[in-house]
Each structure stands twice: as C-alpha cells, then as structure tokens.
Amino acid sequence: MHAWICDNPIGPEALSWRELPTPRPLAGEVRIAIRAASLNFPDLLIVQNKYQMKPPLPFVPGSEYAGVIDAVGDGVGHLKVGDAVAAFGGMGGFATHACVAAALVMPLPKGFAFEDAAAFICTYGTTHHALIDRAQLQSGETVLVLGAAGGVGTAAIQIAKAAGARVIAAASSDEKCALCKELGADAAINYSRDNIRDALKSLTEGRGPDVVYDPVGGDLAEPVFRSIAWRGRYLVIGFAQGSIPALPLNLALLKGASIVGVFWGDFARREPQRNARALAELAQWYAQGRIKPVLDQVLPMPELQAAFARMGSRQVRGKLVMTNP
C-alpha cells in the first residue's frame, strides 16, 4: 500500500507519500481499499500540531474516507469482502488502504457515489447532530449559518431546509453567497462587506435568528450573539477563523439564549445507536435527493499537498476530495 506519512507535524509540506506493508485487520476491524477521502479542517490542524488530539508519530492523516472492504477481521459478522462502505476512522484515510473498527463503518446504499460518501459522515453527521438533536430545530424557525460556503456550512443549509427552516447564509464573498442561494438559502449576507447586525435585523424584522450555526468563531461571534432571538440557540461547531471568542455571559441571560456545544465525534462514541439512526436518516435523505455534498475539487491522492494549500487559503467551497484509481 501507499500512504501520506506525518512524522514531523509542522504542516502539510512535511508529509511524504511512501510505500508501506499492507496491514491485516485485527479482531473487530475491516480493511478498506480506499477509493476516495475528503479533507476536513481538523485534518489540517492535526498535521500542524494544533489539534486537541495529538497522535503518536508517525501517523497517516485523513479522518474520513470511502471504498470497498477487501479483508475482514475475526468477530465481524455484519460486513463482508466486497461491501461498499464509508468510515470516519479519525486517521489513515490519505492512503490506498486502511484498517478501521467495524463499528465506525457505514454500509453504503446502492448508488451512493464514493466521492460523495467520503464527504458525508463527518460533515453531515456533525450538522444533523447540531441542528436536529442539540438545537431541536423546528419547522418555520430561522437558522443563521456562518461560514456557509464551507463543508459543514453547505451541509447546514441543506439539513436546515430539509427540516423546514428558513436559512440565512453568511459568507465572505459574493461568489460564496451565490453558491449558498443555489443550495437553497433564503437570504445571504456577505460579512466581509455588510454589517452583519444590521443585515440580520433587516432580514428577521428585528427578531434575530432562532438558531446560529457557527463553525467559524473569531470576531463574528459576539455581534451575532447580540442579534440572536429570544430563546435562541447558539451552536458552537468550531473555530475555523483561528481565534476562540469570549462571549459576555450577560448576553445569554438577557436573551434567554443558550450556548450549545457540538462535539459530534464524542456523541458518536458515547451514543452510537442514536448516531447510527441519524446517519440512516441522512442516507435516506441523500437517496431522495434532499441533500448532496458540495465538492469543491476532486484530485488524485498524490496531490494532497495542493489540496491542503487550497484549504489553508480559505478558497474552498464545499469539500475537497482525494481519489485513488
């Protein structure tokens, strides 16, 4: 097999594409011949040594991938060689093969493209958990999506619309705002040009959004939280801007609002049955055409460093996906 190896976590430029012995799956594991793997923002952080989880060196990055099972370990009865699957394994995806716990594998329904499947579990799992579970989003409510043209942002637009919500998308350029409207957003705000508080006041007739989906953090958090509706829910998804905001807690008191943490990875680990039900619902929505990952570019696996460079430049609209022949 071949894999991208990180033995010096100073950034993507230090990764190297190497040949390795193909591993055998342990008990409870399957081996996947990887057809496609997607980039998530934590994949960039982890090779920069900036992520909360710091794996022992060396390691193969790549948390999310899809392919075909080509070997099965002892004790695995529900999966077999030849099954098309996707997995969120945390590591190992930027390679030609990976072994992963069978419990972390999602069988793919017929017709589920590998490129879409590789961009599905983390992005849509996170967003379903955030909006449907943590925020208890109701039909007719208004959702503000920050960083709306990114991977989780585009998923949030689709899932919020599937739940019957009104969606206001916020992004950093007119081009990104146009993409959000194409995906179904009811309105869009270019926050690099417009005052986001004034725009939200106008778009909600002064009421504010019921739910804020924030994977960005940084200096937008406080003005947006000041604009939230009574009983609003502010979903903390991540901090793509780099800085972790500090919100004055008196605002939560005055708004009767909630600041809600969203840690999908631990939810999936602690509540696997609920997570499996959520993923099954998402797969059904995909089959119905209600949701579909937005793919920025599909590149050959050996071009991973170019994909990381594009992600680092904040140019990505949707997800970047790497493929093996």
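Further up the page is the structure itself.
Here goes a summary of the coordinates provided. No experiment lies behind these values; they were computed from the predicted model shown.

## Some remarks on unusual backbone geometry
- With an omega dihedral of -10 degrees, the bond running from Leu57 to Pro58 counts as a cis peptide bond.
- Summarising the element assignment, Pro58 is placed in the loop between α1 (41-47) and β4 (64-72).
- For Arg231, which is not a glycine, the phi torsion comes out positive at approximately 60 degrees.
- Within the fold, Arg231 resides in the loop between α7 (221-226) and β12 (233-236).

## Observations concerning the packing of aromatic side chains
- Using the criterion set out here, one finds eight aromatic pairs in the structure.
- Between Phe88 and Trp264 the ring centres are 5.0 Å apart and the planes differ by 70 degrees, which places this aromatic pair in the edge-to-face class. Taken together, the positions of Phe88 in strand β5 (residues 84-88) and Trp264 in helix α9 (residues 264-270) put the pair 176 residues apart, joining distant regions of the chain.
- Looking at Phe88, the relative accessible area reads 22%, which means it is partly exposed.
- Residue classification places Trp264 among the buried positions, given a relative accessible area of 6%.

## Some remarks on the sheet that holds strand β9 (residues 166-171)
- Read across the sheet, six strands follow the order β10-β9-β8-β11-β12-β13 without closing on themselves; strand pairing throughout is parallel. The two strands at the open ends of the sheet, each matched to only one other strand, are β10 (187-190) and β13 (258-261). Pairs of neighbouring strands in the sheet enclose a mean axial angle of 20 degrees, with direction left out of account.
- Sheet topology places β9 next to β10; four bridges connect them, and they run parallel. Looking at β10, one finds that Ile168 is bridged to Ala187.

## With respect to the pattern of salt bridges
- Scanning the entire structure with this criterion turns up 16 salt bridges.
- Of the charged contacts, one joins Arg274 and Asp133 as a salt bridge, the two residues approaching to 3.1 Å between their closest N and O atoms. One end of the pair, Arg274, is in helix α10 (residues 272-287); the other, Asp133, is in helix α3 (residues 121-134), and 141 residues separate them in sequence.
- Judged by its relative accessible area of 40%, Arg274 falls in the partly exposed class.
- Two residues, Asp194 and Arg193, come together in a salt bridge whose shortest N-O distance is 3.1 Å.
- A relative accessible area of 29% places Asp194 in the partly exposed class.
- We classify Arg193 as exposed; its relative accessible area is 54%.
- A single salt-bridge network, built from bridges that share partners, covers Asp133, Glu271 and Arg274.

Rules used in this analysis
- Residues numbered from 1 in each chain as written.
- Predicted model: local features only at pLDDT ≥ 70, side-chain atom pairs only at ≥ 80, totals over all residues.
- Heavy atoms only, no water.
- Helix = DSSP H or I, 4+ residues; strand = E, 2+ residues; numbered from the N terminus.
- Phe/Tyr/Trp six-rings, centres within 6.5 Å; stacked < 30°, edge-to-face > 60°.
- Buried < 20%, exposed > 50% of the residue type's maximum accessible area, 1.4 Å probe, protein only.
- Pairing = 2+ DSSP bridges.
- Axes fitted to C-alpha atoms, helices over the stretch in contact; angles between N-to-C directions.
- Salt bridge = Lys/Arg side-chain N within 4 Å of Asp/Glu carboxyl O.

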